Amino acid sequence: MFDVIVIGGGVIGGAVLRELTKYKCTACLVEKEHDVCMGQSKANSGIVHAGFDAAEGTNKARFNVLGNAMMSAYAEELGVAYKNIGSLVVAFSEGELGTLSALKERGERNGVGGLEIWNRARLKGAEPHISEGALGALYAPTAGIVCPYCLTIAAIGNAMDNGAALECDFDVVSVRKEGGGFIICAADGREVRGRVAVNCAGLGAGKISAMFGDDTLRIGGRRGEYLLLDRADGDFVSHTLFFTPTRKGKGVLITPTADGNLLLGPTAEEVKGGSTETTAEGIMSVIAKASEMCEGIPFRDVITSFAGVRAYSETHDFVLGESERAEGLFQCAGIESPGLTSAPAIAKYTAEKIAARLALEKNPHFDGRRTPDHFFKGLSREEQNALVRADPAYGKIVCRCEEVTEGEIVRAIRRNPPARDIDGVKRRTRAGMGRCQSGFCQPHVAELLARELGLPLDGVTKCGAGSEILKGVSK
């Protein structure tokens with residue numbers, strides 16, 4: 001029996017799992033998909049928010065500010081790119097300028113430091129491509145950007161290196177109480193047993209909560225579509241640019257990414273399922289709104305579009321802590337924006353609550369450091385040559401666009417959590433994320449997966465069962 005079962009392998013579940021390994025306990029994460037980070041954590045803006053949006057006194061406000069303060073060190077420990085670039089909320093009317101002042105006051109009450117109101121001249125000086133209709137902006141120097149899927153994978157990998165277990169393709173279908181704990185059952189018949197459980201199931205959090213006996217959790221979904229531009233355009237803006245928020249949310253943003261691309265989006269569409277299809281209407285909406293923010297956006301350089309679905313609770317606040325109706329179930333639900341920013345703080349809070357309940361002691365052997373999955377091109381020429389001499393696989397470039405080596409791909413397949421499909425390699429190493437979107441490297445990546453996993457080529461998938469990339473190879 002495990003001490004703790006974490007349900008859901010997104011950025012929150014990964015952070016909680018890692019935090020738990022700071023204690024002397026046994027922990028296991030179960031994920032319904034073929035790999036971790038397959039839900040909203042792989043398809044969001046990657047923004048580390050400053051903390052002025054949420055109303056004071058809410059969980060969002062509290063954990064946003066705490067998480068923002070933790071993020072730089074958290075990402076550095078995990079070997080994940082983080083950049084403190086600051087954000088600008090742009091006003092296009094006198095009324096919106098008044099909203100900026102209110103946001104500044106709210107942020108200061110929340111504990112956000114360094115907020116400033118910029119006039120048009122200062123805004124234009126910082127962002128030359130800003131629209132002529134922009135009148136001013138709220139500047140938040142503590143905002144930043146991080147790679148959300150790298151952060152999730154690194155946290156889970158570090159937790160596994162510290163003794164945590166991972167079960168993928170584990171679609172939870174039932175829960176029953178037994179012996180002071182829970183038996184959690186998967187669709188394929190597998191079972192895991194735990195003393196307590198943590199519900200980090202994103203869109204499925206309401207369903208999971210009901211299985212434990214708490215049917216009060218109401219979770220909705222909002223789909224957002226994005227456009228990603230080539231790395232050549234990563235310096236088109238210097239800050240994350242937001243429209244002045246409305247009741248519907250922050251709206252479309254323009255931001256560099258931590259990996260040097262330019263990101264536009266998201267839209268906001270209420271959905272009942274988890275569909276991540278992109279639409280012509282959604283893409284045109286992103287183009288139209290982004291064009292209101294900035295002039296001269298190089299839309300010809302769009303290399304891909306994608307969509308993610310964000311889960312939210314009916315109160316539009318984070319649902320945290322032990323359930324009042326299901327003893328032993330800890331909720332981390334309704335984690336919409338600023339959930340990514342809040343992840344380290346939510347994890348610390350949740351792990352402390354569990355440690356107190358189970359009387360856990362600190363783990364003196366915890367090692368929180370992890371090296372990056374994609375690292376070769378950042379080495380000096382001398383370091384690269386030394387690595388190639390030790391392992392010639394690092395001398396073979398597989399992905400030309402992102403300069404990813406065979407050595408890095410093999411390493412990602414072998415290390416925790418292991419990449420088991422094309423998209424898993426892509427998220428860990430960036431092989432396939434460049435301008436050609438895997439047009440050249442996918443066959444070689446498939447061959448490496450087949451070799452390392454002992455699969456026939458037609459057993460290699462893009463993202464799990466049903467997404468095989470070849471047919472008819474096996475004899």
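Whatever comes next refers back to the structure up there.
We now turn to the structure provided with this report.

Calculation criteria
Every chain is numbered independently, its residues counted from 1 as its sequence is written. Predicted model: local features are reported for residues with pLDDT of at least 70 only, side-chain atom pairs are reported and counted for 80 or more only, and whole-chain, interface and lining totals are derived from all residues. Side-chain measures were taken over the full set of non-hydrogen atoms in the model, leaving aside hydrogen atoms and water. Each residue is assigned to one of three classes by its accessible area relative to the maximum for its type, calculated with a 1.4 Å probe on protein chains only: buried under 20%, partly exposed between the two thresholds, exposed over 50%. In this text, helices come from DSSP runs of H or I with a minimum length of four residues, and strands from runs of E with a minimum of two, each type numbered from the N-terminal end. Here, a strand pair is defined by DSSP locating no fewer than two bridges between the strands. Aromatic rings from Phe, Tyr and Trp, with only the six-membered ring used for Trp, were paired whenever their centres fell within 6.5 Å, and each pair was classed as stacked if the ring planes differed by under 30 degrees, edge-to-face if by over 60, and tilted otherwise. In this scheme, the term charge over a ring applies when either NZ of a lysine or CZ of an arginine sits within 6 Å of the ring centre and within 35 degrees of the ring normal. Each nonpolar core is a collection of buried residues, namely Ala, Val, Leu, Ile, Met, Phe, Trp, Tyr and Cys, held together in the definition by side-chain atoms within 4.5 Å. In this analysis, two residues are considered to be in contact whenever any of their non-hydrogen atoms come within 4.5 Å of each other. Salt bridges are defined as contacts in which a side-chain nitrogen from Lys or Arg sits within 4 Å of a carboxyl oxygen from Asp or Glu.

In this section: the pairing of strand β20 (residues 329-333). Counting buried positions along β20 yields five of five residues, so the element is predominantly enclosed. Residues L329, Q331 and A333 of β20 are buried on one face, and the alternating residues F330 and C332, pointing to the opposite face, are buried as well. Here strand β12 (residues 191-199) pairs with β20 via three bridges, running parallel. Note that in β20 the partner of A197 across the bridge is L329. Between the antiparallel neighbours strand β19 (residues 319-322) and β20 lie six residues, among them G328 with a positive phi of about 90°.

This part takes up the sheet that holds strand β8 (residues 144-146). Here three strands make up an open sheet; going across it, the order is β3-β8-β4 and the pairing antiparallel. Strands at the two margins of the open sheet, each flanked by one partner only, are β3 (47-48) and β4 (82-83).

Taken as a whole, this structure holds seven aromatic pairs when the rule is applied. Geometrically, the ring pair formed by Y226 and F306 is stacked, given 4.9 Å between the ring centres and 15° between the ring planes. Of this pair, Y226 sits in strand β13 (residues 219-229) while F306 sits in strand β18 (residues 302-313); the two residues are 80 residues apart in sequence, bridging distant segments of the chain. For the cation-ring pair, K289 lies above F243, with the distance from its terminal atom to the ring centre recorded as 4.5 Å. Stacked on the ring of F440, the Lys or Arg R400 has its end atom at 4.6 Å from the ring centre.

So, about the nonpolar core. Core analysis: the biggest nonpolar cluster contains 55 residues, and V6, I12, V16, L20, L151, V198 and I354 have the highest contact counts within it. If you tally residues by element for this core, the top one is helix α8 (residues 339-358), at 10 residues. If we skip the residues at most four places from it in the chain, V198 touches V4, I5, V6, I7, V16, F330, C332, T350 and I354. Grouped together as the second largest cluster of nonpolar side chains are 22 residues, F236, I254, L264 and C294 included.

Here the focus is the pairing of strand β11 (residues 181-186). Extensive coverage of β11 is indicated by the burial of six of its six residues. Both faces of β11 are covered, namely the face carrying G181, I183 and C185 and the face carrying F182, I184 and A186. Sheet topology note: the strand β10 (residues 172-178)/β11 ladder contains six bridges and is antiparallel. Across the sheet, residue V172 finds its bridge partner in β11, namely A186. Connecting β10 to the next strand, β11, in antiparallel fashion are two residues, including G179 with a positive phi near 60°. Sheet analysis places β11 next to β12, joined by four bridges and oriented antiparallel. Bridge pairing in β12 links C185 to E191.

Here we come to the pattern of salt bridges. Applying the stated criterion to the full structure yields 37 salt bridges. Across the pair D169 and R420 runs a salt bridge, and its minimum N-O distance is 3.2 Å. Of this pair, D169 sits in the loop between β9 (165-167) and β10 while R420 is found in the loop between α10 (406-414) and α11 (422-429), placing the two residues 251 residues apart along the sequence. On the accessibility criterion, D169 (34% relative accessible area) is partly exposed. Here E191 ties to R176 by a salt bridge, and the two come within 3.5 Å at their closest N and O atoms. With E191 in strand β12 and R176 in strand β10, this pair connects stretches of sequence that are 15 residues apart. In this structure E191 comes out as partly exposed when scored by relative accessible area, which is 39%.

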